[in-house]
Amino acid sequence: MRSLLGLLLVLAGPAGTAVAADYWVKNGGNDAAPGLSPATAWATLGHAAAVVNPGDTVHVLDGSYQGFDLRRSGTAGNPITFLAQSPSTLITADNPDTPDGINVEDAAHIVLDGFTVNDRTRAGVRVAVSQFVTVRNCHTGNNGRWGIFSGFADDFTIENNEAHHSQVEHGIYVSNSGDRPVIRGNLVHDNHANGIHMNGDLSQGEDGLISNALVERNVIYGNGAGGGSGINCDGVTDSIFRNNLLYDNHASGVSLYRIDGATGSKRNVVVNNTIVNAADARWCVNINNGSTDNTVLNNILYTYHSFRGAVTVDSSSRPGLTSDYNAVISRFSTDAGNTVIDLAAWQALGYDAHSFVATPSELFVAPGSDFHLLATSPAIDYGTASGAPSVDLDGSPRPVGGGVDIEANNDCAPGAVCQGCQCVNPAVCTSGIDIRRPALALRASPFRLRLAGEAVIPKPWTGVDPAVHGVRLVVDATSGGGGIDVAVPGGAGWRASTDGKRWTFVDPSGSHAGVTRIAVQDRSKREDGL
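Conventions we followed
Residues numbered from 1 in each chain as written. Predicted model: local features only at pLDDT ≥ 70, side-chain atom pairs only at ≥ 80, totals over all residues. Heavy atoms only, no water. Helix = DSSP H or I, 4+ residues; strand = E, 2+ residues; numbered from the N terminus. Rg over C-alpha atoms; globule rule 2.2 N^0.38 Å. Buried < 20%, exposed > 50% of the residue type's maximum accessible area, 1.4 Å probe, protein only. Contact = heavy atoms within 4.5 Å. Areas by Shrake-Rupley, 256 points an atom, 1.4 Å probe, with all protein chains shown as cover. Lys, Arg positive; Asp, Glu negative; His and termini not counted. Charge placed at Lys NZ, Arg CZ, Asp CG, Glu CD. Pairing = 2+ DSSP bridges. Axes fitted to C-alpha atoms, helices over the stretch in contact; angles between N-to-C directions. Patch = residues over 30% accessible without salt bridge, like charges linked within 9 Å, V, L, I, M, F, W, Y side chains within 5 Å. Salt bridge = Lys/Arg side-chain N within 4 Å of Asp/Glu carboxyl O. Polar contact = N/O pair within 3.5 Å; in protein donor to acceptor, adjacent residues only side chain to side chain.

Engineer: Can you lay out the overall build of the protein for me, pointing to particular residues and giving the numbers?
Structural biologist: When helices and strands are tallied, the protein shows 6 helices and 47 strands. Against the globule reference of 24 Å for 530 residues, the protein gives a C-alpha radius of gyration of 27 Å, in line with a compact fold. With the principal axes as the frame, the protein shows a C-alpha extent of 80 × 70 × 50 Å. Per-residue burial over the protein gives 48% buried out of 530 residues. A sequence separation of at least 24 residues applies to 61% of the contacts in the protein between residues at least 6 apart. For the protein, the exposed area adds up to about 23,300 Å²; of that, 53% sits on carbon and sulfur atoms. Of the side chains in the protein, 35 bear a positive and 52 a negative charge, and the two mean positions are spaced by 9 Å.

Engineer: Break down the sheet that holds strand β45 (residues 494–496) for me, with residues and values.
Structural biologist: Pairing is antiparallel across the open sheet formed by 3 strands, whose spatial order is β45-β46-β47. Both outer strands of the open sheet, β45 and β47 (517–521), are each paired with one neighbouring strand and no more. Averaged over neighbouring strand pairs, the angle between their axes works out to 10° when direction is ignored. Here β45 runs beside strand β46 (residues 502–506); their pairing, made up of 3 bridges, is antiparallel. Within β46, the residue paired with Ala496 across the bridge is Trp503.

Engineer: Help me get a handle on a positive patch on the surface, residues and values and all.
Structural biologist: Side chains of Arg443, Arg448, Arg450, Arg502 and Arg517 sit close together on the surface and give a patch of like positive charge. Its place among the elements puts Arg517 in strand β47.

Engineer: Any details on the side chain of Arg120? Residues and values, ideally.
Structural biologist: Looking at the secondary structure, you find Arg120 in the loop between β9 (116–118) and β10 (123–136). In contact with Arg120, other than residues within four places in its own chain, are Ile91, Thr92, Ala93, Asp94, Asp100, Gly101, Asn142, Asn143 and Gly144.

Engineer: Please set out the side chain of Asn218 residue by residue, giving values where relevant.
Structural biologist: Residue placement: Asn218 occurs in the loop between β20 (214–216) and β21 (219–221). Look at Asn218 and you get buried, because its relative accessible area is 0%. At 2.9 Å, the side chain of Asn218 and the backbone nitrogen of Asn186 are in polar contact. For Asn218, the residues in contact, after removing those within four places along its chain, are Ile183, Arg184, Gly185, Asn186, Ile196, Asn243, Asn244, Leu245 and Leu393.

Now the structure itself:
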């Protein structure tokens, strides 16, 4: 009996150990139900926020919900996750405690994924006095003041969101001395003031600085009708701004300065960005108020404004400034924009020795819509490897060809083509990629056609994600008419393996031209790209 009791205690585990759970919330659910399946789902996000524990995931089915206020924490290995089923999971009312859609406060290790939060009183998503919070894949539009906001939030990650049409201020706002933010892969557009704003806010307490930020691979356009910048930095230090595309913004491009920060914005690196300002805008790069020791490399800096230009710096910010290997408009200023000098005069001061003058029509595939470099662009292979990121805005490796390109996007790698602002593999029929071991089997009764084949597609793969993008099956007749051309879209019917190496589609009804099953296998272990 003593041995059996010991065994039972071992199997039971330490007293008080909680097991992470998957919970569900849906319209028409019941907060008194267990919440452990769609059939027993809870009704409100507020109830979920009040009971979740480390490691729990709350799956939120499509529908319209009141927002929630979350003040519970996960742990480093077991975050609390709120996961929306799709962009049709909508927050259509402020949470009960703050005038925001979703509020995370006094919490740590939280993930918010996939919510649509529009038309809220203040912020779509607010994170305050918290650590290690991630907001990803969310859509925040037409909110009263901000799309995504944080205050005193360290290690805050904001990735792959859309933040647009904030009515009073900014798309994304990181404030109040929050260190180590990561702002990556967001689409930020048409906000009244700044696209992305970071402010150390010394007047609000703590050290008044935001340090070690990483701002990369964001597309930022149409912001600043009310003033500000595409990327605005007050008291931001030791940070990196790379692979960002800023175009058609109506105020400044990237601004490094001090108003309410403890110091100027110092020791930052602005590298491999594309900044093309609108005709009513300010300067592409604006460095003022004791913002010293900054580096500006491998950028395209152009404005359609009649007299403003590439870089403006005041006398207090010139110490330690490094600017070079940029493609520019030939207008600079050393007195905060009061007077303008050309590139030659700027170079005589020791800046931009290797930079050159170029226009968008000389640089881009389609100025205003496709900012990949033309095959004849003077920016190709011209940049410096110093500080250049290892990938570009598209996620493609850098460098391509003989050297580092100047701008956020590489030119397309040999054999790839530019399509919809991305470098992609060309259509199979014109790519020159052979189909290996092609096989076709036909059965007459009952009718069944089976196709198989292999292809080695050069990596990095772009767009190879059948569960998202679907598959097109083409079998051409050797001569004359006939053949099959079927597009099976991504979405319903597709499943991906947990390791991301196999995708399957099952549709017994054959609703897509009779296709009932597809299997795609990544066999790169056997041969790279197979």
